[in-house]
Amino acid sequence: MTQKYALFFAVQNLLLLLQPLSAPHKTCLNRCSLDGLYNAILFFFGNIIIMKVLHLYLIFLIALFSVSCNNSKGKEASQGKLSQSKSNVLKVAVMPTLDCLPLYLAQERGLFHTDSLDVKLLLYTAQMDCDTAVLRGHIDVVVTDLVRAERMKSQGLNLQYLTSTNLFWQLFSNRSARIKTIKQLGDKMVAVTRFSGTDYLLTTLVDSSKLKNEVFHIQINDINIRLKMLLNNEIDAAFFPEPQATMARKNNHYMLLDTRDKQVELGVIAFNSKKVGSKRKRMLLNTFVKAYSQACDSLNANGIQPYRDILKKYYQLDDKVIQMLPNLKYKKVAMPRENDIQRAKQF
C-alpha cells in the first residue's frame, strides 16, 4: 500500500510540472514538484531496492549456514573412490598428530583402497570435534583417548575399541614464564582439552605435587590454536602431542613433563558399533585393521623420515621440524590395558 501511495504522489507531481503557469509561479512550482517527484520516486523505488537487498541477504545467510554445516563435519583428507557404495566406505575422524600417521600412510599408499574397501579420513584440529562427529553419527571410526572415549560411552554411545595407539603428551611451559618445575605451576594457566587425557594428566599431576595455589585448567581444544598461544606468550603452559611438541621445543619452550614417564597409555582407535553393526561393515573393519597394522610395520621398519611428503601434506611441517621429530615406534594392534581403562572411567 505504501508503494502505491508513493507512485500516486510521483504521478501527481509529474502532472503539476506539465501544467502551463506564469514564469514566477512556474519556477517555484517546478522546484517544489521536482523535489516532490524526486522524493516520491526515491521512496517508491527505494522500497523496492530495499526489499530486493533483504531478499538477497537472506539467500546469502542460507548459503552461509549451509556451508558452515558442511564444514562442521570435518575436512576430508582424501577423496578416495567416490564410485564406491556407502556400505563399502568407512569414515574415520583423525587429528594432525603423529599417532594418526599410520592412517595417513595407509591412505596415501593405497592400503585403504581395494575393490571392497574405501576409507575416508576426515581431519579435525580439535579432539572434541572428532568426538562430536561420532556422537552425531557422522563418523564410523575415531582416533581419540580413553578419557574422552569412556565419557562418550557414559553418554550412551555404543563405542568399542579397535586398538591402543602410541599417543603421548609433553607439558611445556612458556619460556617467558620462567617455570622450570611442576611446583611452579601454582596460580598459572595450563591449556588442556576438557574431559580428556590432558585434563586427567594435569589433575593427577597437581594432586600428586600438592601445590599450595590452584592451577587453572584452560580449555583450548584446537591443537593449532593452543600451539600459537604458547608461541605468542598467551598461555603459561600447555600439553602437546607430536609434532606440536617438537614445534614447541624448536622455539625454546621448556618441557616440564613427558607423559611416557608416567606409564600411562591413553591413546585408542575406537568405532561406533551402531554404525558398524552389519556383517558387511564388520568385514570392512577387519580389512581396515589389517591395512593399519601394515602401515605401522612400515613406519617401524623405515622410521618416519622417509615419509616427508605425508608429513608436509597433513601436518604442514617444514624440513627443519621434520628433522627434529623423534623416532617413534608404533604399537602392534592390541586392546588398551585394563588399568588404563579403569583410570579413565574413574576420572
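Parameters and conventions
- Chains are numbered independently. Their residues run from 1 in the order of the written sequence.
- The predicted origin of the model limits local features to residues at a pLDDT of at least 70 and limits the giving and counting of side-chain atom pairs to 80 or more, whereas totals for whole chains, interfaces and linings rest on all residues.
- To get the side-chain values, take all heavy atoms of the structure and skip hydrogens and water.
- Working definition: helices are DSSP H or I runs of at least four residues, strands are E runs of at least two. Numbering for both runs from the N terminus.
- Remark: exposure states derive from per-residue accessible area (1.4 Å probe, protein chains only) relative to the maximum for the residue type, with buried under 20%, exposed over 50%, and partly exposed in between.
- In what follows, a contact means two residues having at least one pair of non-hydrogen atoms within 4.5 Å.
- For the accessible areas, the method is Shrake-Rupley and the probe is 1.4 Å, while residue cover comes only from the protein chains on display.
- Within this scheme a cavity is a closed region of a 1 Å grid, computed over the protein atoms alone, that accommodates a 1.4 Å probe without allowing it to escape, whereas a pocket is open but has protein on both sides within 12 Å along at least five of seven lines; lining residues each have an atom within 4 Å of a point.
- Grid points are joined across faces, edges and corners, and a volume is the space filled by probe spheres set on the points.
- By the convention adopted, Pro, Cys, Tyr, Trp, Phe, Met, Ile, Leu, Val and Ala count as nonpolar, Lys, Arg, Asp and Glu as charged, and the other residues, Gly among them, as polar.
- What makes two strands pair is DSSP finding at least two bridges between them.
- The definition of a right-handed crossover adopted here requires that, viewed with the strands pointing away, the path from the first strand over the helix to the second runs clockwise.
- Aromatic pairs are defined between Phe, Tyr and Trp rings, using the six-membered ring for Trp, whenever the two ring centres lie within 6.5 Å; interplanar angles under 30 degrees are classed as stacked, those over 60 as edge-to-face, and all others as tilted.
- In this analysis the charged atom, NZ for Lys or CZ for Arg, is taken to sit over a ring once it is within 6 Å of the ring centre and within 35 degrees of the ring normal.
- The span expected for a helix works out to 1.5 Å for each residue beyond the first.
- Side-chain atoms within 4.5 Å are what join buried Ala, Val, Leu, Ile, Met, Phe, Trp, Tyr and Cys residues into a set we call a nonpolar core.

Caption draft 1: How the structure looks around the overall build of the protein. Each helix and strand in the protein was counted, giving 12 helices and 11 strands. Residues counted as buried form 46% of the 347 residues belonging to the protein. If you take every contact in the protein between residues at least 6 apart in sequence, the share linking residues at least 24 apart comes to 78%. Total accessible area computed for the protein in this model is approximately 18400 Å², and 57% of it derives from carbon and sulfur atoms.

Caption draft 2: Looking closely at the side chain of Asp 131. The residue Asp 131 is located in helix H4 (residues 127-135) in this model. Owing to a relative accessible area of 0%, Asp 131 belongs among the buried residues under this scheme. Excluding anything up to four places from it in sequence, Asp 131 contacts Val 142, Thr 144, Arg 148 and Met 152.

Caption draft 3: Expanded view of empty space enclosed by the protein. According to the stated counting rule, one finds 2 cavities of 30 Å³ or more in the structure shown. Quantified by volume, the largest cavity comes out at close to 200 Å³. Secondary structure elements with two or more residues in the lining of the largest cavity: strand S4 (141-145) and helix H7 (223-231). When residues of the lining of the largest cavity are assigned to their parent elements, the largest contribution, 3 residues, is made by S4. Of the residues contributing to the lining of the largest cavity, the split by class is 6 nonpolar, 7 polar and 3 charged. Taken as a whole, the second largest cavity holds about 50 Å³ of empty space. Lining of the second largest cavity is provided by Leu 98, Asp 99, Asn 166, Leu 167, Phe 168, Pro 241, Glu 242 and Leu 328. Of the residues in the lining of the second largest cavity, the class split is 5 nonpolar, 1 polar and 2 charged.

Caption draft 4: Highlighting the side chain of Arg 148. Within the secondary structure layout, Arg 148 lies in helix H5 (residues 146-154). Not counting residues within four places of it along the chain, the set of residues in contact with Arg 148 comprises Gln 127, Met 128, Asp 131, Arg 194, Phe 195 and Ser 196.

Caption draft 5: Representation of unusual backbone geometry within the structure. Residue Glu 242 is joined to Pro 243 through a cis peptide bond whose omega torsion reads 10 degrees. Unlike most non-glycine residues, Asn 233 shows phi in positive territory, near 60 degrees. Structurally, Asn 233 is set in the loop between H7 and strand S9 (237-240). With a phi close to 65 degrees, Asn 252 is a non-glycine residue in the positive phi region. Relative to the elements of secondary structure, Asn 252 occurs in the loop between helix H8 (244-250) and strand S10 (254-258).

Caption draft 6: Structural view of the pairing of strand S8 (residues 216-219). Summarising the sheet, strand S7 (residues 189-192) and S8 pair through 4 bridges and their orientation is parallel. Bridging across to S8, Ala 191 finds its partner in Ile 218. Handedness of the crossover joining S7 and S8 through helix H6 (residues 197-209): right-handed.

Caption draft 7: Representation of the packing of aromatic side chains. Under the criterion given, the structure shown has 5 aromatic pairs. Both rings, one in Tyr 104 and one in Tyr 314, keep their centres 4.3 Å apart while their planes meet at 15 degrees; by these two values the pair is stacked. Of this pair, Tyr 104 sits in helix H3 (residues 101-108) while Tyr 314 sits in helix H10 (residues 308-315); the two residues are 210 residues apart in sequence, bridging distant segments of the chain. Per residue, the accessibility class of Tyr 104 equals that of Tyr 314, and both read buried. A ring pair is formed by Tyr 200 and Phe 347, whose centres lie 5.6 Å apart and whose planes are at 85 degrees; its orientation type is edge-to-face. Residue Tyr 200 is located in helix H6, and its partner Phe 347 is located in the segment after helix H12 (338-346); the two are separated by 147 residues in the primary sequence. Residue class for Tyr 200 comes out buried when judged on its relative accessible area of 10%. Phe 347 gets classed as partly exposed once you look at its relative accessible area, which sits at 39%. Among the aromatic residues, those joined into a cluster by ring pairs are Tyr 104, Tyr 314 and Tyr 315. The ring of Phe 195 has Arg 151 lying over it, and the distance from NZ or CZ to the ring centre is 3.7 Å.

Caption draft 8: Layout of the environment of Leu 256. Relative to the assigned elements, Leu 256 resides in strand S10. As a C-alpha pair, Leu 256 and Lys 180 span 76 residues in sequence and 6.7 Å in three-dimensional space. Leave out the neighbours within four places in its chain, and Leu 256 touches Leu 171, Ser 173, Ile 179, Lys 180, Thr 181, Ile 182 and Leu 185.

Caption draft 9: Expanded view of helix H9 (residues 279-302). Counted at 1.5 Å a residue, the expected span for H9 with its 24 residues is 34 Å, and the 35 Å between its end C-alpha atoms agrees. Within H9 the residues assigned to the buried category are Lys 281, Leu 284, Leu 285, Phe 288, Ala 291, Tyr 292, Ala 295, Cys 296 and Leu 299. The elements touched by buried residues of H9 are strand S2 (89-94), H3, strand S3 (118-123), S4, strand S5 (159-164) and strand S11 (267-272).

Caption draft 10: Main features of the nonpolar core. Ranked by internal contacts, the top residues of the largest apolar core, which has 96 residues, are Leu 171, Leu 185 and Phe 288. Ranked by residues supplied to this core, first place goes to H9 with 8 residues. In this structure, Phe 288 is in contact with Leu 90, Val 92, Leu 103, Phe 112, Leu 117, Val 119, Val 141 and Leu 162, ignoring residues within four places of it in sequence.

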